[in-house]
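Architecture and fold: a report
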Amino acid sequence: MADSSASEFTFSAPDFNVTQDVRDCFNEMGYIIVRSLLDKEEVNNLKTALERDNMRTKYTFSRDDGFDKKATYFCWNHPGNDITGMIARSEKVAGTFEKLLGGEVYHYHSKLILKEAFTGGAHVWHQDYGYWYHNGCLSPDMGTVFIAVDKTDQSNGCLKVST
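Small disclaimer: the values here were computed from a predicted structure and weren't measured. (Residues numbered from 1 in each chain as written. Predicted model: local features only at pLDDT ≥ 70, side-chain atom pairs only at ≥ 80, totals over all residues. Heavy atoms only, no water.)

1. Some points on the overall build of the chain
- Scanning the chain from N- to C-terminus turns up six helices and five strands.
- Starting at the N terminus and ending at the C terminus, the chain contains elements arranged as β-α-β-α-α-β-β-α-α-β-α.
- Burial status across the chain gives 28% buried among its 163 residues.
- Put simply, the chain shows about 11,300 Å² of open surface, and 50% of that area lies on carbon and sulfur atoms. (Helix = DSSP H or I, 4+ residues; strand = E, 2+ residues; numbered from the N terminus. Buried < 20%, exposed > 50% of the residue type's maximum accessible area, 1.4 Å probe, protein only. Areas by Shrake-Rupley, 256 points an atom, 1.4 Å probe, with all protein chains shown as cover.)

Take a look at the structure:
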């Protein structure tokens, strides 16, 4: 099995080139990390859109984390015409997955996890395929894109990838 740092690549404009090395890594590790997928302006525009009140009220729900705190989520199934939909349909995201999976992809859903500093609950991570299967996706030919909108590190709950 390859070293996990071997799964890291960096986006460089104008395109992220899905080389054979990228495909091999994705097929072997089950994931790749693409650093700088969005530039600073795109991240700022995304953050501004996600902080709008209508996003929060329309798609928000909370779940107990088992430790008397709640994690807050925004979840929607159809990519809209706003920046979140444009990112989901972009060549950077959808085009890269089409190249990795070898065919057309569709948008299953978008989810934002909001963890308030010191008071927000933890997100209980899981294996996605179990519920994908029960929702009609009979093979695991799907992908997840994680975009950190704020700076994340171990002190504030960054994503941990387990292989």
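Now that the structure has been shown, we can carry on.
2. Side note on the side chain of Ser7
- Tracing the chain through its elements places Ser7 in the segment before strand 1 (8-10).
- Polar side-chain contacts of Ser7 include one of 3.5 Å to the side chain of Tyr31. (Polar contact = N/O pair within 3.5 Å; in protein donor to acceptor, adjacent residues only side chain to side chain.)

3. Some points on the pairing of strand 4 (residues 70-76)
- By the criterion of burial, strand 4 is predominantly enclosed, with five of the seven residues buried.
- Bridge count for strand 3 (residues 60-64) against strand 4 is five bridges, and the pairing is antiparallel. Residue pairing across strands places Ser62 opposite Thr72, the latter belonging to strand 4.
- Linking strand 3 to strand 4, which pair antiparallel, is a turn of five residues; within it Gly66 sits at a positive phi near 85°.
- The pairing of strand 4 with strand 5 (residues 110-114) spans five bridges and is classified as antiparallel. (Pairing = 2+ DSSP bridges.)

4. Remarks on the confidence of the model for the chain
- This prediction gives the chain a mean pLDDT of 81; 85% of its residues lie at or above 70.
- Across the chain, the element-wise mean pLDDT spans from 66 in helix 3 (residues 53-59) up to 93 in helix 1 (residues 20-29). (pLDDT = per-residue confidence, 0-100.)

5. Structural notes on the pattern of salt bridges
- Across all of its chains, the model carries four salt bridges by this definition.
- For Arg35, the salt bridge identified is with Glu8, shortest N-O distance 3.0 Å. Of the two residues, Arg35 is situated in strand 2 (residues 33-35) and Glu8 in strand 1; the sequence distance between them amounts to 27 residues.
- Overall, Arg35 belongs to the partly exposed group, its relative accessible area being 44%.
- Residue Glu8 is classed as partly exposed on the basis of its relative accessible area of 35%.
- Across the pair Lys92 and Glu42 runs a salt bridge whose closest N-O atoms are separated by 2.8 Å. With Lys92 in helix 5 (residues 91-101) and Glu42 in helix 2 (residues 40-50), the pair connects residues that are 50 residues apart, well separated along the chain.
- Overall, the relative accessible area of 25% leaves Glu42 in the partly exposed class. (Salt bridge = Lys/Arg side-chain N within 4 Å of Asp/Glu carboxyl O.)

6. Things to note about a nonpolar patch on the surface
- A contiguous nonpolar surface patch, about 240 Å² in accessible area, is contributed by Phe146, Leu159 and Val161.
- With respect to the secondary-structure elements, Val161 resides in the segment after helix 6 (129-134).
- What makes Val161 partly exposed here is its relative accessible area of 40%. (Patch = residues over 30% accessible without salt bridge, like charges linked within 9 Å, V, L, I, M, F, W, Y side chains within 5 Å.)

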